[in-house]
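Commentary on secondary and tertiary structure
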There are 2 protein chains.
Amino acid sequence: MKQIALLGFGTVGLGVYEIINLKRGAFFSSNDAPAKVKWILVRDINKRRTYKPTDCTLTDNFQEIINDDEVDIVISAMGGMEPEYTYIKEALKRKKHVVTANKEVICAHIDELTNLAKENGVKLYYEGAVGGGIPIISSIIETLKINKITKIQGILNGTTNFILTKMSKEKADFAEVLKVAQELGFAEADPTADIEGYDVMRKICILASLAFHTHAKTEDVHLRGISNITLDDVNMADSMGYDFKYIGQALLKDDKYSISVTPVLLPKDSVMCNVNQEYNVIMLYGDIIGELCFMGKGAGKDATANAVVSDAIKAFTEEDTQKHINFNETAHSYGLSGIKNQYYIRATVNNYEQFESTIDCAADTIKKNNLTYTNSKVFFTTELINSSDMLALYEKLKTVSEDVFYARMEHNLL
Amino acid sequence: MKQIALLGFGTVGLGVYEIINLKRGAFFSSNDAPAKVKWILVRDINKRRTYKPTDCTLTDNFQEIINDDEVDIVISAMGGMEPEYTYIKEALKRKKHVVTANKEVICAHIDELTNLAKENGVKLYYEGAVGGGIPIISSIIETLKINKITKIQGILNGTTNFILTKMSKEKADFAEVLKVAQELGFAEADPTADIEGYDVMRKICILASLAFHTHAKTEDVHLRGISNITLDDVNMADSMGYDFKYIGQALLKDDKYSISVTPVLLPKDSVMCNVNQEYNVIMLYGDIIGELCFMGKGAGKDATANAVVSDAIKAFTEEDTQKHINFNETAHSYGLSGIKNQYYIRATVNNYEQFESTIDCAADTIKKNNLTYTNSKVFFTTELINSSDMLALYEKLKTVSEDVFYARMEHNLL
């Protein structure tokens with residue numbers, strides 16, 4: 001009987017406990033290695049709980065857990081950097097397999113922790129850290145056995161997808177929809193990590209690190225949130241046949257990578273554009289297999305617990321599915337240069353002549369299509385331009401406008 | 001060095017040879033066990049070939065291959081029932097692992113061949129048989145470790161998806177589009193297996209067998225092709241906000257299953273409706289994980305070869321990923337009874353009063369919505385009705401109409 005120590009008894013921890021000890025689902029009947037949660041680490045053992053397990057020990061003392069030689073595997077689902085980062089390191093050093101859903105820890109320390117696991121002959125799995133129940137990490141690892149992956153792109157956050165879906169379907173504005181999302185539990189009281197993109201940033205960095213064999217750092221990510229998307233933008237996109245989605249993208253070109261987390265206009269008849277509500281979708285491109293795309297619930301107790309328990313089952317078998325994973329490539333971030341996109345731009349402009357003269361005196365005049373000037377706002381789309389030219393244009397626009405918003409327009413997204 | 005015998009040197013065989021022996025992609029650098037194709041079985045060794053391998057032996061003699069004790073694994077990609085079914089059995093009996101993309105053999109003999117593999121302590125993998133490069137079989141097996149799967153549904157044939165996409169986008173009729181598909185190589189000279197649904201039928205039976213732990217038989221499948229879809233149907237669907245897709249569906253309820261392969265109207269803003277051209281998409285529903293959806297190229301040399309080589313790599317490792325697969329459940333097909341759907345119906349009617357009186361004299365009058373009568377054709381949609389009632393209505397309509405077409409209308413498909 002494999003003994004499991006569970007760190008954290010929140011949403012994910014409870015889901016894991018239910019599947020393994022309470023025999024929800026097929027885990028009990030489908031697998032060779034019977035397993036049991038023996039310990040659960042909580043911060044406050046006296047806290048009033050809706051469910052209090054009687055078949056394992058709740059403790060607030062990590063040492064008690066880590067000193068138990070019977071424990072084969074630590075499932076870590078506390079959230080936040082510390083003390084979970086320290087606990088994960090300790091567990092690996094004590095030669096216990098670790099399964100975690102903590103994207104913050106993995107994003108920052110994927111290289112170090114992977115090496116620590118290898119040095120100690122144990123496994124470190126983190127499927128639950130990205131995309132909830134979607135098996136994206138195991139799919140990337142599987143795909144890498146035959147392919148070079150040069151692109152990963154997707155909708156990786158349920159909160160912002162819920163918000164953008166609602167803004168589009170109901171033609172409602174951001175502040176109003178955020179409030180509804182919070183009331184319904186789709187957004188946190190402090191929604192910053194979701195709406196400013198830190199959550200997506202961590203996830204896309206983890207995926208890029210695996211796919212490009214290099215530890216992708218969050219400092220290299222071009223990051224813009226969704227709070228500046230207005231109802232005018234949504235309506236303008238709609239009139240052109242597009243909807244806004246919040247997209248994490250990682251590209252590899254030669255030995256250089258580029259990662260961005262930004263609002264993007266997707267064609268209404270693309271697959272990705274129709275992934276709505278709290279669903280996530282991730283597309284990868286491999287040189288042999290072409291495009292592969294995965295969709296499902298990106299968060300939530302059951303979907304994430306499913307990924308975590310799936311990893312635990314893998315940890316019990318002899319073969320390490322991640323033994324070929326390394327972060328040894330010396331790929332460097334190249335920012336956004338060299339990438340050409342079409343862009344949508346909106347700027348508040350009180351003096352139209354001043355706007356025109358400022359924009360047009362650029363050495364290369366950027367052709368403005370679909371130009372509309374209404375309610376003191378200028379809306380236009382560009383041709384395919386280099387992203388560095390877009391950044392330069394953005395800086396220029398900010399000199400004549402108090403409020404500038406831009407987003408790239410995607411085509412042919414599956 | 002693992003020695004591979006390749007049966008068949010057509011599209012898939014060539015793709016496999018390129019990845020393994022010609023080192024296309026990352027196979028050579030990404031994997032522990034170096035492997036080499038040692039034999040290739042062809043029907044005619046004198047046939048003029050664009051590429052003639054010099055690093056392995058072409059033979060038309062299966063015995064030569066099967067008697068070679070150095071051969072660890074047989075990759076079987078010939079197509080058709082015989083001699084491939086016999087060769088696969090022979091290889092398993094000689095304790096060689098088998099990887100195949102042959103859906104006809106697997107669909108008909110999944111139970112027998114799985115047992116034969118187990119008896120001989122070898123592996124039988126067939127990811128390439130369904131959905132090209134999409135890892136649907138391994139995903140079902142993985143999902144089953146924790147979930148009960150009660151629904152699988154998808155677009156599983158590139159030829160018919162190409163045809164229906166073109167009919168919809170260009171408002172062209174079936175015969176015209178089929179011809180273009182054939183010219184472009186998206187449809188065979190004899191397209192029967194694709195357009196009448198036999199290809200999808202075999203694929204959905206394989207997936208249902210795995211997911212429901214019972215050998216699903218093709219005789220139990222409710223099967224209707226796409227050749228009766230007219231431009232009128234496409235336009236009518238379009239006006240209601242739907243498009244036609246060709247859907248394989250498998251449902252499990254208690255210990256009964258139901259499998260169908262039919263044209264279906266999908267809402268234009270659903271994910272599945274926007275999977276176009278030669279792409280496939282498969283959705284599964286598990287009781288813990290909820291909906292998971294996978295998309296990619298469903299056929300083609302590289303995508304299918306990727307699946308096959310991926311299986312070969314798995315076969316080289318010690319752990320059998322399919323050891324828990326069994327077909328021991330005594331689930332029976334329950335046809336379509338008990339399933340309620342909304343239907344679209346079109347019937348050629350020369351005598352409208354006769355049509356009305358025939359339909360209305362049913363004991364339960366089926367409410368007809370969106371009724372249109374034009375060009376001697378009646379078009380209408382029903383409310384949610386039992387599928388057995390739909391079949392009865394269909395039979396009744398055939399007594400007053402020389403040409404009746406119907407298709408269910410799906411809602412909320414991701």
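This structure is a prediction, so every number in the text was calculated from the model and none was measured.

**Some words on the sheet that holds strand S6 (residues 124-125) of chain B**
Residues and elements named next belong to chain B. The 6 strands lie next to each other as S3-S2-S1-S4-S5-S6, forming an open sheet whose pairing is parallel. Looking at which strands have only one partner, the edges of the open sheet turn out to be strand S3 (57-59) and S6. In the sheet, strand S4 (residues 71-76) pairs with strand S5 (residues 97-100) via 4 bridges, with the strands oriented parallel. Across the sheet, residue Ile-75 finds its bridge partner in S5, namely Val-99. On the sheet, helix H1 (residues 11-20) packs against strand S1 (2-7), strand S2 (35-41) and S4 and is oriented at approximately 150° with respect to S2. Contacting S1, S2, S4, S5 and S6, helix H4 (residues 84-93) runs over the sheet at an angle of about 150° to S5.

**Side note on the relation of the copies chain B and chain A**
Of the two same-sequence chains, chain B is brought onto chain A (RMSD 0.0 Å, axial shift 0.0 Å) by a rotation of 180°. A rotation of that kind, with that shift, is consistent with a two-fold axis. Rotation axis and chain B: the residue whose C-alpha lies nearest the axis is B:Phe294, separated from it by 2.4 Å. Residue by residue, 100% of the interface of chain B is reproduced at the interface of chain A, so both copies engage with the same surface.

**Concerning the interface of chain B and chain A**
Each partner contributes to the interface: chain B provides 46 residues, whereas chain A provides 46 residues. When the two sides are added together, the surface that chain B and chain A hide from each other amounts to roughly 3,900 Å², 56% of it contributed by carbon and sulfur. Of all residues in chain B, the largest losses of buried area upon contact with chain A belong to B:Ile146, B:Ile288 and B:Met295, amounting jointly to 17% of the total for that side. Applying the counting rule to chain B against chain A returns 4 salt bridges. Close ionic contact of B:Asp269 with A:Lys169 constitutes a salt bridge, the shortest N to O distance being 3.7 Å. One ladder, built from 5 bridges, connects strand S12 (residues 290-297) of chain A with strand S12 (residues 290-297) of chain B; its direction is antiparallel. Directly across from A:Met295, in S12(B), lies its bridge partner B:Cys293.

**Thoughts on the sheet that holds strand S6 (residues 124-125) of chain A**
The strands making up a sheet associate through backbone hydrogen bonding, with each pair oriented either parallel or antiparallel. All names here are of chain A. Spatially, S3-S2-S1-S4-S5-S6 is the arrangement adopted by the 6 strands of the open sheet, whose pairing is parallel. Here the strands that pair on one side only, and so sit at the sheet edges, are strand S3 (57-59) and S6. The pairing of strand S1 (residues 2-7) with strand S2 (residues 35-41) spans 6 bridges and is parallel. Looking across to S2, one finds that Gln-3 is bridged to Lys-36. Contacts from helix H12 (residues 301-316) reach S1, S2, strand S4 (71-76), strand S5 (97-100) and S6 within the one sheet, and its direction differs from that of S4 by about 155°.

**Looking at the pattern of salt bridges**
According to the stated counting rule, one finds 42 salt bridges over all chains in the structure shown. Measuring nitrogen to oxygen at the nearest pair gives 4.0 Å for the salt bridge that ties B:Asp302 to B:Lys301. Relative accessible area serves as the criterion here: at 22%, B:Asp302 is assigned to the partly exposed category. Within this structure, A:Glu18, A:Arg24, A:Lys301 and A:Asp302 form a network of salt bridges that share partners.

**Here's the deal with the environment of A:Ile4**
Residue and element names in this part refer to chain A. Tracing the backbone shows Ile-4 in strand S1. Residue Ile-4 is classed as buried on the basis of its relative accessible area of 0%. In sequence terms Ile-4 and Thr-330 are 326 residues apart; their C-alpha atoms lie 37 Å from each other. Other than its neighbours up to four places away in sequence, Ile-4 contacts Ile-20, Ala-35, Lys-36, Val-37, Lys-38, Trp-39, Ile-73, Ile-75 and Phe-316.

**Focus on the confidence of the model for chain A**
Confidence in the prediction for chain A averages 91 pLDDT; 96% of positions are at 70 or higher. Among the prediction metrics, the complex's ipTM stands at 0.92, with pTM recorded as 0.94.

**Examining the environment of B:Asn161**
Residues and elements named next belong to chain B. You can see Asn-161 is positioned in helix H7 (residues 158-170). Spatially, the C-alpha atoms of Asn-161 and Glu-112 are 32 Å apart, while their sequence positions differ by 49 residues. With near-sequence residues (within four places) excluded, Asn-161 lies in contact with Ile-155, Lys-245, Val-275, Asn-276, Gln-277 and Tyr-279. Within the structure, Asn-161 has its side chain in polar contact with the backbone oxygen of Val-275 (distance 3.0 Å). Of the polar contacts made by the side chain of Asn-161, one reaches the backbone oxygen of Gln-277; its length is 3.1 Å.

**Focus on the packing of helix H6 (residues 136-144) of chain B against helix H10 (residues 198-212) of chain B**
Relative orientation and spacing of two packed helices are given, respectively, by the angle between their axes and the distance between those axes. All names here are of chain B. H10 packs onto H6 with a crossing angle of 15° between their chain directions and a minimal axis gap of 9 Å. Looking at the two axes, H6 sits roughly parallel to H10. The way H6 lies across H10 gives a crossing that is right-handed. Along the contact surface, H6 presents Ile-136, Ile-137, Ile-140 and Leu-144, while H10 presents Ile-206, Leu-207, Leu-210 and Ala-211. Among the residues making up the contact of H6 with H10, the classes are represented as 8 nonpolar, no polar and no charged.

**Considerations on empty space enclosed by the protein**
Residue and element names in this part refer to chain A. This model, assessed by the stated rule, comprises 4 cavities of 30 Å³ or more. Of the pockets and cavities examined, the second largest cavity occupies roughly 90 Å³. Lining the second largest cavity are Thr-114, Ala-117, Lys-118, Val-122, Lys-123, Leu-124, Tyr-126, Asp-320, Gln-322 and Ile-325. Considering each element in turn, the lining of the second largest cavity owes the most residues, 3 residues, to helix H5 (residues 103-119). Of the residues contributing to the lining of the second largest cavity, the split by class is 5 nonpolar, 2 polar and 3 charged.

**Considering the environment of A:Ile40**
In this structure, A:Ile40 sits in strand S2. Spatially, the C-alpha atoms of A:Ile40 and A:Gln354 are 64 Å apart, while their sequence positions differ by 314 residues.

**Here we look at the packing of aromatic side chains**
All names here are of chain B. Under the definition given, this model contains 25 aromatic pairs over all chains. Aromatic pair Tyr-394 and Tyr-406: ring centres 5.1 Å apart, planes at 55°, arrangement tilted. Here Tyr-394 is found in helix H14 (residues 387-400), whereas its partner Tyr-406 is found in strand S18 (residues 404-409), with 12 residues between them in sequence. For the pair formed by Tyr-394 and Tyr-406, the shared burial category is buried.

About the criteria used
- Residues numbered from 1 in each chain as written.
- Chains lettered and ligands numbered in written order.
- Predicted model: local features only at pLDDT ≥ 70, side-chain atom pairs only at ≥ 80, totals over all residues.
- Heavy atoms only, no water.
- Pairing = 2+ DSSP bridges.
- Helix = DSSP H or I, 4+ residues; strand = E, 2+ residues; numbered from the N terminus.
- Contact = heavy atoms within 4.5 Å.
- Axes fitted to C-alpha atoms, helices over the stretch in contact; angles between N-to-C directions.
- Least-squares fit on C-alpha atoms with pLDDT ≥ 70 in both.
- Buried area = accessible area lost by both parts, 1.4 Å probe.
- Salt bridge = Lys/Arg side-chain N within 4 Å of Asp/Glu carboxyl O.
- Buried < 20%, exposed > 50% of the residue type's maximum accessible area, 1.4 Å probe, protein only.
- pLDDT = per-residue confidence, 0-100.
- Polar contact = N/O pair within 3.5 Å; in protein donor to acceptor, adjacent residues only side chain to side chain.
- Parallel < 35°, antiparallel > 145°, perpendicular 65-115°, else oblique.
- Left-handed = near helix turned anticlockwise from the far one by under 90°.
- Nonpolar A, V, L, I, M, F, W, Y, C, P; charged D, E, K, R; others polar.
- 1 Å grid on protein atoms, 1.4 Å probe; cavity = no way out; pocket = protein on both sides within 12 Å on 5 of 7 lines; lining within 4 Å.
- Points joined across faces, edges and corners; volume = space filled by probe spheres on them.
- Phe/Tyr/Trp six-rings, centres within 6.5 Å; stacked < 30°, edge-to-face > 60°.

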